[in-house]
Structures are given as C-alpha cells and as structure tokens.
Amino acid sequence: MGVLDLFRRSSIPAPPPARRLFDEEFQQKLEMLALVSRRVFAGRLRAERRSKKKGSGVEFADHRDYVPGDDIRSVDWNVYQRFQRLLVRLYEEEEDLSIYLLVDASLSMGFPDQEKLDQARRLCAALAYVSLSNLDRVTVLSLSDEGLLRMPTTRGKGRIFKVFEFLESVTASGRTDLGEALKSFVAQHKRRGLAILISDLYDPKGFEAGINVLRFNRFEPCILHIVDRRDARPELRGDLLVYDCETGEEREVTVDEGLLRRLEQAVTHYRQAAERFCTSKQVPYFAVDVQAPFQEVVLDLFRRGGFLR
Amino acid sequence: MTLSGLSWSALFGVFGAVAAATALLYVLKLRRRAVPVPFAPIWKNVLRARESSRFWSQLKRWLSLLLQLLLLSALVLSLGDPRLGGALGEGKNIVLLMDASASMKATDEKPNRLGRAREEARRLVRGLGPSDRAVVVQMGMLPTARGTLTGEQSELLASIDKVRARDTGADLGRALRFASDSLHGLSRGQIVLLTDGALKVPERPETDGLSVSQVIVGKGKDNLSITQFSARRYPLDKSRVEVMIEVTNTNDHPADIELSLLGDGTLIDVTRLHLGPEERLPRFYPDVAGASRRLEARIASSGDRPDQLPADDRAYALMPERRRARVLVVTPGNTYLEAALLLDEYLDVSTVAPKKYPPAGAFDVTIFDGVAPVVHEKAGACLYLNPPAEGAPVKRKRRLSLFGFDTWERRHPVVRFATALGDVQVAEGYSLVPEKGDTVVGASAQGPILVAGKRQGHRFVALGFDPRQSDFVLRPAWPLFVLSTIDFFAEEEAGYVSSYRTGESWRIPAPDSLESAELLTPSGQRLTVPIQGGRAAYFGEEAGFYRLSAGAVEPFVEEFAANLSDLEESRIAPQPDLTIAGKPVPEARAGAPEIRKKLWIVLLMAAVALSVVEWLTFHRRITV
C-alpha cells in the first residue's frame, strides 16, 4: 500500500457517530411486529413448529398408500372399511426449529454510511424477536473474512436483549467471502435449520458459492438482499479514480450521464442475477431497500415468505 | 486587414507561447480524484463496454483542445486591434458645438432639449470612424471645450455629460470662431451644431471654409416669460419699494398667467393676467411692503397650454442694504438744511459749529454750510453750500445776482430726482471754477454753480450760492437734492443695479484693498473671483442670488441678483432652417456604429462565445 493509498482510504466517509440502534422505540416496534405476525399466522401460533417429517406426532397430517413394512397400527381402518383401500395415517412430527440469522459484516455493508449494515441489523433483530417469541432456537452470526462471530444459540423472548447486545457489537470490516465464511458456519453447526443470509451479496468470488454451501449442507437458505439505490446512482461526476472499498481495486473513469445510466443497468442486472439464481434453486429471495422502513420489510417477508411457517 | 495594436510577429510569439502552454496542460494527465465504490467489479463491467468508444473519447478531448486554441487565437488577435482594409485612413476632425443656451432647458423634449441633444451627440460619437477625432464644446455666450480632441469614445461620452445648459443666450459667431480655431491646420475638419436653432446668426461667420452641419432638437414653442424685472427703494422713503415686472407671451395665441411676487421668500402678491398673442405687459407695483432685501417674481401658465421653458419663469432682484449714513453738518445754523435731513430716518446727523470742527469720530458725509475748513481725513465726502473764497475745493469766480439753473445734468445722481430745478431763483451767489476732471452738474448762463469732483481722496459737491438766498429751500427739489447728494456719496445709489443680466461680464463693487473674493453662486458653487479697481469681475451665466464675500478681519459681503431677461431666448420655437452665410446648414448624419469597424470587439465576443461553448460542452460531458 503506497502513500497515496493512505490518502485514498481517508476519502472513505467516516462512519457516523455511534448511536443506539435498538432503543425503546425499536423494541416497541418489535412487539407490534410480534403481534401482527400472530394475526398473519392465525391458527398456527402455538409454541411449536412442525417439521416436514411425517411420523409419530399427535396431529394428523395426511394419508399415503400402505407399503409392506409399514407399521400395521398406522393403517386407517375406517378408510379401508369405506373405500376398500389400505392407507397409512401420517402424523406431523413436532420438533424445535433452528433459525440461523447470518449478517454480512464486510466493509461494503458499511459503505457509504453504515445504512446497509444498520438495516441488516434491524432486520436480524426483528426476525430474531419474532422467532424467539415462537420459542424457536435462534443463532445469530456475523460474516466477514476476518472471522465468524457467533452469538450462542438461544430461545425464549427474554433473550432478545442478548441478541441486541450482539448486534450492537457488529461492525463493518474486512472483505466479503461468503463461500469461506459459510463453509466454516456449516462446519460448526450440525443441527440443520433455516439459514437467513442478510447481505448485499457483493462477493468478488460470486455470491453463488456461499448460497450453494448452505444448500449442499441441507440447510434451508433464505436470502435477504440489502439493496442501496445509491450504489446504482452515485452522486459522482467528472474524471475520477474509483476503487473498491474492500479490495482496493482501482479503475480510472470519467463519469458522465451515459456511464451512470450503464452503471444503473449493471447494478440492476446484478440484483436480477441474484434473484434468478435463488429462484432457480428454490431459495427464497427478498430484495430489501435500505431506505424502506424495516417494519414494512419484515411484514412483507412474513406475508410472502413462508419460511416462518 | 491592418493591425493597429501589436504586430503580426508579436502576435505569433504570444500565441505560440500560450498555445504551447495550453497544449502541455492538455497532454499532462489529469490528476484524478480518488473515490471509493462498494463493489468495483460492477464498474469494471460498465467500463468494459465503454472501451469501444475510447477513440471517440480521445477525439473529444482533442476537440476540447481545439476549442481552447480557437479561443486563444481570438484573444491574441484582438490584442493586435485589427482593422478592415482602409479603415485606418485619414480621419475626420469634428467639433461638436452643443447649444447650452437657456432655451435648451425647454421641456418639450424629454427630459429637455439638452438631454435630447446629448443623445444625438452620443449617437454621433458612436458613429465615429476609428481614425476620427472629436471635441465637445459647450456653446453659451462663451464657448467652453468640455474635453480634448480625441478619438476615445469614453472620453467623448464623458465630455457630453459635462455640458450644462446656462441661463444665457448662445453666441454662435464666437462658437464658430472657436471651432475654426480649434480645427486650424487639421485635415477634414467638420463642425456639427447640436441646437434648437434659436440662435442669432452672425452676418459674417468665421468658419474658415469648414463644413457645418446641424442636428436640430425641440418641437414645442409654448412659452411665457418674465422679460423685465427691476426694483428700487423710494429716495425719500427707503422702507418702500417700487417694482416693475414685464411679462411676455411669446406665443401666437392668448395666454392666462399667474404672476406671483415674493419678498424675502414670502408671497406678497398674486395676480392673474391675460395676455394676447405676442403681447408684452409691463406691470408696476408702486408700493411694495414686506420685502426688505430679496424680491422674486414667478409666473405660471394658468391656461390649458403648458409653459415649456421654466428658465425664464423666475426673476430675481435684490434691494441695497439700508445702511445708516453718518452725516456731519458744520454750520452756524441752517433750519432748511436740518429740515431736509430730518426726512431720512436712516441718517445719523451730527451738527457742529464751524469753530469746533473737527469733532471726534468718522463720517460718511460732511456738509459745510458757508465754511470751508481744512478737511479732516475722516470727514468722508463733502457737500459745500456757498463755499467761501478760500479753503473750498473749487474757487469762486465772480459774484452773480438774480440767476438760476439754466442747464443741469439731468441724469446726474445729485439732481436726478430734483424736479423743476429750472424754476429756482437765486438772489445772489458765485460762479465756480471747476478743475480738470470735475463735473459741472448745474450752471447758470453766467457760469457753473453746481460742481462735483474729487480732491485728495474726498469726493465733493459744491453749490455756489447760499440756498437761503433763493427759493430753492422752498421747493421739493431742495430735500431731494440734499438726500440724493448724500446717497450719491454714501451708497452710490446711481450705480446700483437691482439685478444683473446673465450672459454678460459683471463688475460688482468691492473694496479696493482686496485682490480677490469668494463668490457663492445660486447653484451653491464657490468660486474665487479677482478684484481690480474696486470691482470684482465675473461672467455670469446663472440666474438667481449671488453672494460675494472676502476678508476675515473686516468682512466684506455683497449680495446681488441676476436674471435671464432675454426675449430672444424666450422665443423657443425651434428653427430647423438654419442658414449660415446665406447657405442652409445640412443635417448631420451619424456613421455606422463603430463596433462594425473595430474587429477586436468581434474577436472578443467570439472568444466569449467559444468560452461559453467550452463550458457547456465540458459540463455536459461532451468534450471530456
């Protein structure tokens, strides 16, 4: 790194003064979200989650044809009497759901003014609160190439303050390497579950690697793509030397209206590529605008998502 | 194309140096501002698409340089002050004679005729060729150059603004003489008159063969004026004032006028008058009370027609200050004389017997009644009644009896008001022997009997008989004679004028001992005027009240008034058919505006336009 690079670094906007992200008002909003989420999932709001496993639970789930080897006690004799057909009764097997909230904490999330990271932390807190309210097992992690920071798995609404405390400590640093970070995540967490990745997906090695790591290790990934419109339409003009805030990669460029238009298109294409990839892999994908109020974002996720069943 | 500024070689040198520096700056790589972005690979993709247009980008940068060089060449060429072929030929030399007479204050043009003349003069100046030169001359009674002969437009325009209309006429003959003198020896001389044409054209104008053209301004002719205004105190009652005003309707239609008379700033009298076409109406105010010093007359049109010249709507007069004259009477006793002196309350009369002469104190006038002692230095002027044979300033010649005034100087201040002087019968007296320089004011058939003169610094009047030996003392002429003589000595009443006329040289009485005095004009200007022979000389061009003052130890203050009083100036109808030496004066024509002839202006405008184009293309990212 040369002397000029030092000057260059100084041109990165300093992070805004520290402020309490999860204040009283925020907590009131979370409470409201929890109430609203109950209405959204009315009738299914007991303190348990139903797994996809069909087995020895008490709640009837479905029928299937009898195959040799099935427990004969599970044959629905009433159906056989009526339809002369051997069907086996299937029950929902109840179990605790593990929810992993993965927050990308690379430098690009803190660019230009921490808004992306703040939105990610707010979303993470909201999801954690709703999950803890439903007695799920919640684990929060921050990802960057500098290491995987982890808040121990917890459950129960009362533990939300631990989550706040952890998220407050998360700062933007280091480069994005989703593949490596998520590899170490799956290595450390044997219990499979829902893995919600909150990131801007700005990974020089490609965001696909990271998502695939989750998929291939039988996690249920869900992508919350943090999008900042200023990335597509920066307030830049003239002859500039642009450099990557994470890698320091430089490009000489003359910014004019045409270039800004093309940049906007490129950013849109990038987002669409991420969405296409997720859709093709049946991974839930949500683009989240940093300027959008997080309550609306969370409610929208609940309505459209389905990952919180 | 010819250069009147820097030479071609100098221009090429300047252009080469600056162009090289400009090109160098363009060749040097721009130091770019470093800006962080969140994800450089996206920019990389964008820039990859841009690589294809790199040639066009480079070309645009060269276009930008070309624009800069064009701008530079326009600027450098303007330094050479290029002129179109032939434009640098021999230029004209022009005298702009701008009429500054009172009629140019007429408001039939906006703001007035002089304002209009200024506009025309500016138009002419802007039309001057690059080699032409001009001088602006204010044409009043005296021509005054308002600048130098120059080709600089800014100087000429400033000179035009300096021209001021005066309360005088304009002397065209003198102005033409001045113009021809100014253009003497210069090629292609021209005289341009900017006037309303209301001028007195000399019979033999001295134009020295120069071409004269004119620009006539003005379109109205409605005017009412005060053409005479005079006032005086009554000799026997100086608290009363007699005023004469003459109002003239210069129009060819009747006019209604409101005439106001103000004394010391207070309205004394308002009169409505009706004047026929071209009528001059004198009006007397025989007994004006309420004014002790300043008198002012104003007129205003009370009819439908406007009065377009305000300069002659006011007239001013100033009464002499009523000084108390110190009079010493050296007499053994003379009732008639004492009675005559009682008539003027402004006399401080002291009486002394001949044996007690001289008493202490200084006097303005000493009356010697039948005696002629040695005159004391503080005696002032002297009136001798029946002087003895010895000691008087005039000698007695021979004894006369039964005589009277057969001839007298009717205009002499001493006897100007003395009526029926020829009826005076004198029993006995003496004829007098005037010396050289003396004035015989009155004489009988046998010789002079009333003589005025000056001896050893003392003015005197000598009457060759005892008034009591005649019926002179029984007549009204007697007190008038005595008091007029005192006025003659003390106040020089005969020489006093209530107002001066503008456009003339004034000789204002002032103490002999002073060399100069400060003159405060009606417009508030303070001027130093020289004093010679007891008179301050000044050429007055402004109507109103003046104040002449000097001396710190023994302050001298003299106030006086001045009026336009020029019927010719009051006739404001413009005269477009001006003829000089029998030839009609043609109309002056302005040349094309100089901007078309001076290329440097065009070049500068081009440079500005190029600069604007460069600015726009740069900020629109067309040439970057």
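A quick note: this is a predicted structure, and the numbers were derived from the prediction, not measured.

So, on to the overall build of chain B. Each helix and strand counted, chain B has 10 helices and 34 strands in total. Put simply, chain B has 624 residues, and 49% of those count as buried. Across chain B, every contact between residues at least 6 apart in sequence was considered, and the portion connecting residues at least 24 apart equals 69%. Split by element, the accessible area of chain B, about 30300 Å² in all, is 53% carbon and sulfur.

The subject of this paragraph is the packing of aromatic side chains. Residue and element names in this part refer to chain B. Scanning the model with the defined rule gives 29 aromatic pairs over all chains in all. Plain terms: the ring middles of phenylalanine 472 and phenylalanine 481 are 5.7 Å apart, the flat faces sit at 45 degrees to each other, and that makes the pair tilted. Both residues of the pair, phenylalanine 472 and phenylalanine 481, belong to the buried class. With centroids separated by 5.1 Å and ring planes inclined at 0 degrees, the aromatic side chains of tyrosine 546 and phenylalanine 560 adopt a geometry described as stacked. Residue tyrosine 546 is found in strand β31 (residues 544-550), and its partner phenylalanine 560 is found in strand β32 (residues 556-563); the two are separated by 14 residues along the sequence. Exposure class is identical for tyrosine 546 and phenylalanine 560. Each is buried. Ring pairing ties together the aromatic residues Phe403, Phe405, Phe465, Phe472, Trp478 and Phe481, which thus form one cluster. The lysine or arginine in question, arginine 459, covers the ring of phenylalanine 488, its NZ or CZ lying 4.9 Å from the ring centre.

Looking now at the sheet that holds strand β14 (residues 294-301) of chain B. All names here are of chain B. Taken in spatial order, the four strands make up an open sheet running β12-β11-β14-β15, and their pairing is antiparallel. What marks the edges here is a single partner per strand, and that holds for β12 (266-275) and β15 (314-318). Ignoring strand direction, the axes of neighbouring strands in this sheet form an average angle of 15 degrees.

Residues and elements named next belong to chain B. Taken together, the buried positions of helix α5 (residues 153-162) are occupied by Leu156, Leu157, Ser159 and Ile160. The arc enclosing the buried residues of α5, seen along the axis, measures out at 155 degrees, which places them on a common side. Looking at the buried residues of α5, the elements they touch are β4 (93-99), α4 (113-126) and β5 (133-139).

Residue and element names in this part refer to chain B. Tracing the chain through its elements places arginine 410 in the loop between β21 (407-408) and β22 (426-433). For arginine 410, a relative accessible area of 56% translates into the label exposed. Along the sequence, arginine 410 and leucine 421 sit 11 residues apart, while their C-alpha atoms lie 9.7 Å from each other. In this structure arginine 410 touches Val415 and Arg416, once residues within four positions along its chain are discounted.

Strands sit in the order β10(A)-β9(A)-β2(B) across an open sheet of three strands; the sheet is mixed. Two strands bound the open sheet, and with one partner strand each, they are β10 (250-255) of chain A together with β2 (33-37) of chain B. The sheet shows a mean angle of 35 degrees between the axes of neighbouring strands, taken without regard to direction. With five bridges connecting them, strand β9 (residues 238-244) of chain A and β2(B) associate as parallel partners. Residue pairing for β2(B): A:Val242 is matched across the bridge by B:Val35.

The description of two packed helices rests on the angle between their axes and on the distance between the axes. Residue and element names in this part refer to chain B. Relative to each other, α4 and α5 sit at 170 degrees, their axes nearing to 10 Å. In this view, α4 runs roughly antiparallel relative to α5, as classed from their interaxial angle. Here the hand of the crossing between α4 and α5 comes out right-handed. Contacts from Arg118, Ala121, Arg122, Val125 and Arg126 in α4 reach Gln153, Leu156, Leu157, Ile160 and Asp161 in α5.

Residues and elements named next belong to chain B. What the rule picks out here adds up to 44 salt bridges over all chains. Across the salt bridge formed by arginine 326 and aspartate 364, the nearest N and O atoms sit 3.2 Å from each other. On the criterion of sequence distance, the pair formed by arginine 326 in strand β16 (residues 325-330) and aspartate 364 in the loop between β17 (347-352) and β18 (365-369) is long-range, its members being 38 residues apart. With a relative accessible area of 38%, arginine 326 lands in the partly exposed category. Here arginine 468 and aspartate 466 are joined by a salt bridge, their closest N and O atoms 3.3 Å apart. A cluster of three or more residues bridged by salt bridges with shared partners is formed by Glu109, Arg116, Glu119, Glu120 and Arg123.

Turning to the pairing of β4(B), a few remarks are in order. Two faces, one strand: in a regular strand the side chains alternate between the faces of the sheet. Residue and element names in this part refer to chain B. Buried residues dominate β4, accounting for seven of its seven residues. Where burial is concerned, the two faces of β4 agree: the one with Asn93, Val95, Leu97 and Asp99 and the one with Ile94, Leu96 and Met98 are both buried. In the sheet, β4 pairs with β5 via seven bridges, with the strands oriented parallel. Residue pairing in the sheet places leucine 96 in a bridge with valine 136 of β5. Once you follow β4 into α4 and on to β5, the crossover reads as right-handed. Here six bridges tie β4 to strand β7 (residues 189-195), and the two strands are oriented parallel to one another. Note on β7: the bridge partner recorded for asparagine 93 is glycine 189.

Moving on: a nonpolar patch on the surface. A cluster of nonpolar residues, A:Ile72, A:Trp77, A:Tyr80 and A:Leu86, forms a patch on the protein surface that exposes about 390 Å² of accessible area. Judged by its relative accessible area of 33%, A:Tyr80 is partly exposed.

The peptide bond linking B:Lys110 to B:Pro111 adopts the cis configuration, its omega dihedral lying at -5 degrees. On the secondary structure map, B:Pro111 appears in the loop between β4 and α4. Looking along the chain, the bond that leaves B:Tyr357 and enters B:Pro358 is cis, with omega of 0 degrees. Following the sequence through the fold, B:Pro358 ends up in the loop between β17 and β18. With a phi angle near 60 degrees, A:Leu201 is a residue other than glycine that sits in the positive phi range. Considering the arrangement of structural elements, one finds A:Leu201 in the loop between β7 (194-199) and α7 (207-216). Residue A:Leu201 is classed as buried on the basis of its relative accessible area of 0%. For B:Asp264, which is not glycine, the phi torsion reads 50 degrees and is therefore positive. Topologically, B:Asp264 is positioned in the loop between β11 (255-263) and β12. Classification of B:Asp264 as partly exposed rests on a relative accessible area of 36%.

We now examine the packing of α7(A) against helix α9 (residues 257-280) of chain A. All names here are of chain A. At their nearest, the axes of α7 and α9 sit 11 Å apart, and the two run at 20 degrees to each other. With respect to each other, α7 and α9 are oriented roughly parallel. The two elements α7 and α9 meet at a crossing, and its hand is right-handed. Of α9, the residues touching α7 (which contributes Phe207, Glu208, Ile211 and Asn212) are Tyr270, Ala273, Ala274, Phe277 and Cys278. Of the residues contributing to the contact of α7 with α9, the split by class is seven nonpolar, one polar and one charged.

Before going further, it helps to spend a moment on the pairing of β9(A). Taken across its seven residues, β9(A) has seven buried, putting it largely inside the fold. Taking the residues that link successive antiparallel strands as the turn, the β9(A)-β10(A) hairpin has five residues, and the phi of A:Gly248 there is positive, at about 80 degrees.

Turning our attention to α7(A). Residue and element names in this part refer to chain A. What α7 keeps buried is the set Phe207, Gly210, Ile211, Asn212, Val213 and Leu214. Packed against the buried residues of α7 are β4 (98-104), α6 (178-188), β7, β8 (220-227) and α9. The first or second residue beyond α7 is arginine 218, which carries a positive phi of 60 degrees.

A few words now on the confidence of the model for chain A. Residue and element names in this part refer to chain A. Confidence in the prediction for chain A averages 79 pLDDT; 80% of positions are at 70 or higher. At the level of individual helices and strands, chain A shows its lowest average pLDDT in helix α1 (residues 3-10), which scores 43, and its highest in α7, which scores 92. Contacts of residues 1-12 to residues separated by more than four positions or lying in other chains number 15 contacts, the stretch itself having pLDDT below 50. Contacts of residues 40-53 to residues separated by more than four positions or lying in other chains number 32 contacts, the stretch itself having pLDDT below 50.

All names here are of chain B. Within the secondary structure, aspartate 312 is located in the loop between β14 and β15. An unpaired buried charge is present at aspartate 312: no salt bridge exists, and arginine 571, the closest side chain of opposite charge, is 9.9 Å distant. Within the structure, aspartate 312 has its side chain in polar contact with the side chain of asparagine 223 (distance 2.8 Å). Non-local contacts of aspartate 312, meaning those with residues more than four positions away in its chain, are made with Asn223, Leu224, Ser225, Ile226, Ile299, Leu564 and Ser570.

Calculation criteria
- Residues numbered from 1 in each chain as written.
- Chains lettered and ligands numbered in written order.
- Predicted model: local features only at pLDDT ≥ 70, side-chain atom pairs only at ≥ 80, totals over all residues.
- Heavy atoms only, no water.
- Helix = DSSP H or I, 4+ residues; strand = E, 2+ residues; numbered from the N terminus.
- Buried < 20%, exposed > 50% of the residue type's maximum accessible area, 1.4 Å probe, protein only.
- Contact = heavy atoms within 4.5 Å.
- Areas by Shrake-Rupley, 256 points an atom, 1.4 Å probe, with all protein chains shown as cover.
- Phe/Tyr/Trp six-rings, centres within 6.5 Å; stacked < 30°, edge-to-face > 60°.
- Lys NZ or Arg CZ within 6 Å of the ring centre and 35° of its normal.
- Pairing = 2+ DSSP bridges.
- Axes fitted to C-alpha atoms, helices over the stretch in contact; angles between N-to-C directions.
- Arc of directions from axis to C-beta.
- Parallel < 35°, antiparallel > 145°, perpendicular 65-115°, else oblique.
- Left-handed = near helix turned anticlockwise from the far one by under 90°.
- Salt bridge = Lys/Arg side-chain N within 4 Å of Asp/Glu carboxyl O.
- Right-handed = clockwise from strand over helix to strand, strands pointing away.
- Patch = residues over 30% accessible without salt bridge, like charges linked within 9 Å, V, L, I, M, F, W, Y side chains within 5 Å.
- Nonpolar A, V, L, I, M, F, W, Y, C, P; charged D, E, K, R; others polar.
- pLDDT = per-residue confidence, 0-100.
- Lys, Arg positive; Asp, Glu negative; His and termini not counted.
- Polar contact = N/O pair within 3.5 Å; in protein donor to acceptor, adjacent residues only side chain to side chain.

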